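# Reading the structure
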Amino acid sequence: MATIRERFGRPLRLAVIGGGPGAWIGTMHRGAAEMDGNWRVVAGVFSSDPARSRAAGAGLGLDASRSYGDLAELLARERARDDGAEAVAIMTPNDTHYPYAAAALDAGLDVVCDKPVTHDFAQACDLVQRARGQQRLFALAHGYSAYPMTRYARQLVRDGVLGPIRLVQVEYIQSGMATRVEDGPPSRRFDWLLDSQRSGQALVMGAIGCHAQHLACSTIGANVQRVSADVGALVPGRKVVDYVSALVHFDGGARGTFTVTQAAAGGENDIRLRVCGEKGMLEWSHRDASYLRIAMLGGSARTVGRGDTDLPAHILALGRSPRGHPEGLREAFANIYSEVAIERMALSLGEVPEPTLYPTITEGAHTMAFIEACLASQQSGSWADVAQVPGAIGD
């Protein structure tokens, strides 16, 4: 039987916003989008400077006529084409995510957006409503939850293998801001990161904390209900938040701990997850992303590897090379892009798509509610409830 991609007959057309030459995140998104042949990057805006943007697009191999000076120009001119872009991927400074995503949705385009999705919960809820109103797909680039082994962990929890979940521990430890970057030479990157009006209400949460929270919630299939958080800076004199640690209560009764920092000297991009249930536990680490450790009560611990032939077919399909060959974040991003594409193709063909697995805008709104609850808890010195996303039940 022909695949959805074969029946659709062509790759979807993607415009990218941000991620110009020299930006690693741009290379990541463009390569991931095109990896499986489901998307083709056809247009873009690559700089806030119109002249630089037009030159950058041509330098990346795009048609010079589709390398635009700003988003408004891209949306207007792509709408006028018979072969115009069908979706946008947004990888720009944090404060632009909301207005760019809103404009794309209003133009009838699907959206893949880097994190954090917005500045605050209210903006995220607005995007939820716009996506629903326009019947558009909206994915977030939480790649850690799209690795084969984190998806397998998710399935094990949902299948009840671990029994009722009792404890969830997640951490993301990084050293990117372990020194006083504020005192260094001027930098376009740090200029906006160190400005809380542009980077967000809590820098570390928008940078990496959102990944940790999403990984925990998506794996156990439950949102955070309330938190008791310690929010601040590990580096003396720092005005932005580089550290958050919290006690967490999840819907359904599980408890947990959450710790993230960008100021741990010697740390890497090291995200780790442990989920403990009534019958056993599982552990995953980004340092060994192709492996999942499972330990059942009264039994021997075992390690499952990406590519093991006894894994479910849909988990095996998330990998692209035999076990032992390294795969990483780009392939996880590619899983998200492919899942969005397959859903859009199915809908376009009048078919019923498979259940959504990629991170959605509703999940992104919960993340913003979680961030605001952590800040409220720090301010009050007590537990804070996490606001519910309107209409999220059964979404």
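This section reports on the structure supplied with the text.

What counts, and where the lines are drawn
- Residues numbered from 1 in each chain as written.
- Predicted model: local features only at pLDDT ≥ 70, side-chain atom pairs only at ≥ 80, totals over all residues.
- Heavy atoms only, no water.
- Helix = DSSP H or I, 4+ residues; strand = E, 2+ residues; numbered from the N terminus.
- Rg over C-alpha atoms; globule rule 2.2 N^0.38 Å.
- Buried < 20%, exposed > 50% of the residue type's maximum accessible area, 1.4 Å probe, protein only.
- Contact = heavy atoms within 4.5 Å.
- Areas by Shrake-Rupley, 256 points an atom, 1.4 Å probe, with all protein chains shown as cover.
- Lys, Arg positive; Asp, Glu negative; His and termini not counted.
- Charge placed at Lys NZ, Arg CZ, Asp CG, Glu CD.
- Pairing = 2+ DSSP bridges.
- Right-handed = clockwise from strand over helix to strand, strands pointing away.
- Axes fitted to C-alpha atoms, helices over the stretch in contact; angles between N-to-C directions.
- Parallel < 35°, antiparallel > 145°, perpendicular 65-115°, else oblique.
- Left-handed = near helix turned anticlockwise from the far one by under 90°.
- Polar contact = N/O pair within 3.5 Å; in protein donor to acceptor, adjacent residues only side chain to side chain.
- Nonpolar A, V, L, I, M, F, W, Y, C, P; charged D, E, K, R; others polar.

### What about the overall build of the protein?
- Across its full length, the protein holds 13 helices and 14 strands.
- Its C-alpha radius of gyration of 21 Å places the protein within 12% of the 21 Å reference for a compact globule of 395 residues.
- Based on the C-alpha atoms only, the size of the protein along its principal axes is roughly 60 × 60 × 40 Å.
- For the protein, with 395 residues in total, the buried portion stands at 54%.
- Residue pairs at least 24 apart in sequence account for 68% of intrachain contacts in the protein once pairs closer than 6 positions are excluded.
- Taken as a whole, the protein presents about 17,000 Å² of accessible surface, with 50% of it coming from carbon and sulfur.
- Across the protein, the centroid of the 39 positively charged side chains sits 2 Å from that of the 43 negatively charged ones.

### Regarding the environment of Val386
- Take Val386: it is sitting in the segment after strand S14 (384–385).
- On the basis of relative accessibility, which here comes to 9%, the residue Val386 falls in the buried class.
- In this structure, the C-alpha to C-alpha distance between Val386 and Gln225, residues 161 residues apart in sequence, is 5.4 Å.
- If we skip the residues at most four places from it in the chain, Val386 touches Val224, Gln225, Arg226, Val227, His366, Ala369, Phe370 and Ala373.

### Points about the pairing of strand S4 (residues 110–113)
- Judged by which residues are buried, S4 turns out to be covered on both faces: Asp110 and Val112 on one side and Val111 and Cys113 on the other are all buried.
- As judged from the 4 bridges shared by strand S3 (residues 87–91) and S4, these two strands associate in the parallel manner. Bridge pairing links Ala87 to Asp110 in S4.
- Note on the crossover from S3 through helix H5 (residues 97–106) to S4: the handedness is right-handed.
- Two elements, S4 and strand S5 (residues 138–140), share 3 bridges in a ladder whose sense is parallel. Within the sheet, the bridge partner assigned to Val111 lies in S5 and is Phe138.
- Between S4 and its parallel partner S5, the chain crosses via helix H6 (residues 121–134), and the hand of that crossover is right-handed.

### Details of the packing of H6 against helix H13 (residues 361–380)
- At a minimum axis separation of 8 Å, H6 and H13 run at an interaxial angle of 170°. In terms of orientation, H6 and H13 fall into the roughly antiparallel class. The two elements H6 and H13 cross, and the hand of that crossing is left-handed. Contacts between H6 and H13 involve Phe121, Ala124, Cys125, Leu127, Val128, Ala131 and Arg132 from the former and Ile361, Thr362, Ala365, Met368, Ala369 and Glu372 from the latter.

### As for the side chain of Asn335
- Turning to its location among the elements, Asn335 is positioned in helix H12 (residues 329–348).
- Residues contacting Asn335, with those up to four places away along its chain left out, are Ala146, Leu318 and Arg320.

### Here we look at the sheet that holds strand S1 (residues 12–18)
- Here 5 strands make up an open sheet; going across it, the order is S2-S1-S3-S4-S5 and the pairing parallel. The open sheet has two edge strands, strand S2 (39–45) and S5, and neither has a second partner. Between one strand axis and the next, the sheet turns through 20° on average, direction left out of account.
- As judged from the 5 bridges shared by S1 and S3, these two strands associate in the parallel manner. The residue bridging Val16 from the neighbouring strand is Ala89, located in S3.
- Contacting S1, S2 and S3, helix H2 (residues 24–34) crosses the sheet at an angle of about 145° to S2.

### What about the side chain of Arg238?
- Mapped onto the elements of the fold, Arg238 is located in the loop between strand S7 (224–232) and strand S8 (243–250).
- At 2.8 Å, the side chain of Arg238 and the backbone oxygen of Thr179 are in polar contact.
- Among the polar contacts listed, one links the side chain of Arg238 to the side chain of Glu182, at a separation of 2.6 Å.
- Once you skip the residues sitting within four places of it in the chain, Arg238 turns out to touch Met177, Thr179, Arg180, Val181, Glu182, Ala233 and Ala263.

### Considering the packing of helix H7 (residues 148–158) against helix H10 (residues 203–220)
- Remark: H7 packs on H10, axes separated minimally by 7 Å, with the N-to-C direction vectors making an angle of 40°. One way to sum up the angle between H7 and H10 is to call them oblique. Two secondary-structure elements touch here, H7 through Thr150, Ala153, Arg154, Val157 and Arg158 and H10 through Leu215, Ser218, Thr219 and Ile220.
- Here the residues of the contact of H7 with H10 are counted per class, giving 4 nonpolar, 3 polar and 2 charged.

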